[in-house]
Amino acid sequence: MAEATLAQLLHEARARGVDRFDAQALASHVLQQPRAWLIAHADSPLAPGTAEQLRTLLRRRADGEPVAYLTGWRGFHGLELRVSPAVLDPRPDTETLVDWALELLAGEMVDIATPQVADLGTGSGAIALAVAKGCPRAVLRAVDSSPEALAVARANGQRLALPVQWLPGSWWQPLGAPPLHLALSNPPYLGADDPHLPALRHEPRSALVPAAGDALADLRHIVAGAAPHLAPGGWLLLEHGFEQADAVAALLAAAGFE
């Protein structure tokens, strides 16, 4: 049997519905070569073991497994993070939360010598580490209730040499003094019957759906518990579902936020 070429494997992947960019990313990971090399050598035969390794990853991607889990890496806000099925696959949308935090730290908080910042439900550590990188004077604390997630985050912090204090616990619970100038969170905000869940089946359900199945449960808990932990004029930045803006705004207003 003739040895398979990269072009043949990528064609098979497209037939299974795998996005071309995703397929090339997996090929680049297996072959340890950039995209330009893949294009130039698309018709070269692959060693049988290499071809089978790539074919396996492409099949898993066709089954919906995130590329980040298959390669073990995800780029986020200029950082390369290790990820695993123990943590949510960080999305580009969440970089908006980091951008907003850095704008505040460089703007109205610029005169605070050591702003206290917390990331609630840190997962891979993406938000905390990106803020630590973008604002070295900030003092970062990051919280997660999952020991497995916190291990991933801590390892990312050590590898990137970014100082973050990693705290086990639920939301505000492990946070004591000093009070926070800024708190950020990308909490679970999908309902138990959300139609997107089947496509997200490879990611940790606890990072997607609150324990009770109520989409707003964790957002409600975070907002209600924020006041004792924030310094006067402190900010709370939240990621939520695109149809939840009015509901989250109502929660914030009821808790006394402006």
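Scroll up to find the structure.
Residues numbered from 1 in each chain as written. Predicted model: local features only at pLDDT ≥ 70, side-chain atom pairs only at ≥ 80, totals over all residues. Heavy atoms only, no water.

Looking at this structure, how should I read the overall build of the chain?
The helix and strand tally for the chain stands at ten helices and seven strands. In terms of overall dimensions, the chain has a C-alpha envelope of 70 × 40 × 30 Å along the principal axes. Every one of the 258 residues in the chain was classed for burial, and the buried ones make up 48%. Restricting the contact set of the chain to residue pairs at least 6 apart, pairs at least 24 apart contribute 66%. Approximately 12800 Å² of the chain is accessible, and the part contributed by carbon and sulfur atoms is 56%. Here the chain contributes 19 positively and 28 negatively charged side chains, and the mean placements of these two sets differ by 8 Å. (Helix = DSSP H or I, 4+ residues; strand = E, 2+ residues; numbered from the N terminus. Buried < 20%, exposed > 50% of the residue type's maximum accessible area, 1.4 Å probe, protein only. Contact = heavy atoms within 4.5 Å. Areas by Shrake-Rupley, 256 points an atom, 1.4 Å probe, with all protein chains shown as cover. Lys, Arg positive; Asp, Glu negative; His and termini not counted. Charge placed at Lys NZ, Arg CZ, Asp CG, Glu CD.)

So what exactly am I meant to see when it comes to helix H8 (residues 147-160) here?
End to end, H8 covers 20 Å across 14 residues, agreeing with the expected 20 Å (1.5 Å per residue, within 8%). Inspection of H8 places Ala149, Leu150, Val152, Ala153, Asn156 and Gly157 among the buried residues, and these make up the whole buried set. Each buried residue of H8 sits inside an arc of 160° when the element is viewed along its axis, so together they form one side. More than 90 degrees from the buried face of H8, the exposed residues found are Pro147, Glu148 and Gln158. Tucked into the core, H8 has its buried residues touching strand S2 (79-82), helix H7 (126-134), strand S4 (139-144) and strand S5 (164-168). (Expected span 1.5 Å × (residues − 1). Arc of directions from axis to C-beta.)

Quick question: what am I supposed to make of the environment of Ala249 here?
Counting through the fold element by element, Ala249 comes out in helix H10 (residues 245-254). Separated by 125 residues in sequence, Ala249 and Ser124 have C-alpha atoms that sit 27 Å apart.

Sorry if this is basic, but what is going on with the pairing of S4 here?
Along a regular strand, successive side chains alternate from one face of the sheet to the other. Burial analysis of S4 places five of its six residues in the buried class, the great majority of the element. Note that strand S3 (residues 116-120) and S4 share five bridges and pair parallel. By the bridge assignment for S4, Val117 is matched with Leu140. In terms of strand pairing, S4 meets S5 through five bridges, oriented parallel. (Pairing = 2+ DSSP bridges.)

Explain the pairing of S2 to me, please; I cannot follow it from the model alone.
By the alternation rule, side chains of S2 split into Leu79 and Leu81, which are all buried, and Glu80 and Arg82, of which none is buried. Hairpin connection between strand S1 (residues 73-76) and S2: a loop of two residues separates the two successive antiparallel strands, and His77 in this loop has a positive phi of roughly 50°.

Before we go on, may I ask you to explain the pattern of salt bridges in this structure?
For the structure on display, the rule yields nine salt bridges. Residues Arg55 and Glu52 are paired through a salt bridge, measuring 3.8 Å at the closest nitrogen-oxygen approach. In this pair, Arg55 and Glu52 are both assigned in helix H4 (residues 48-62), three residues apart and thus about one turn of the helix distant. The class of Glu52 is partly exposed, set by a relative accessible area of 37%. Its salt-bridge partner being Arg220, residue Asp214 comes within 3.0 Å of it at the nearest N-O pair. Three or more residues are tied together by salt bridges with common partners; here these are Glu12, Glu52, Arg55 and Arg59. (Salt bridge = Lys/Arg side-chain N within 4 Å of Asp/Glu carboxyl O.)

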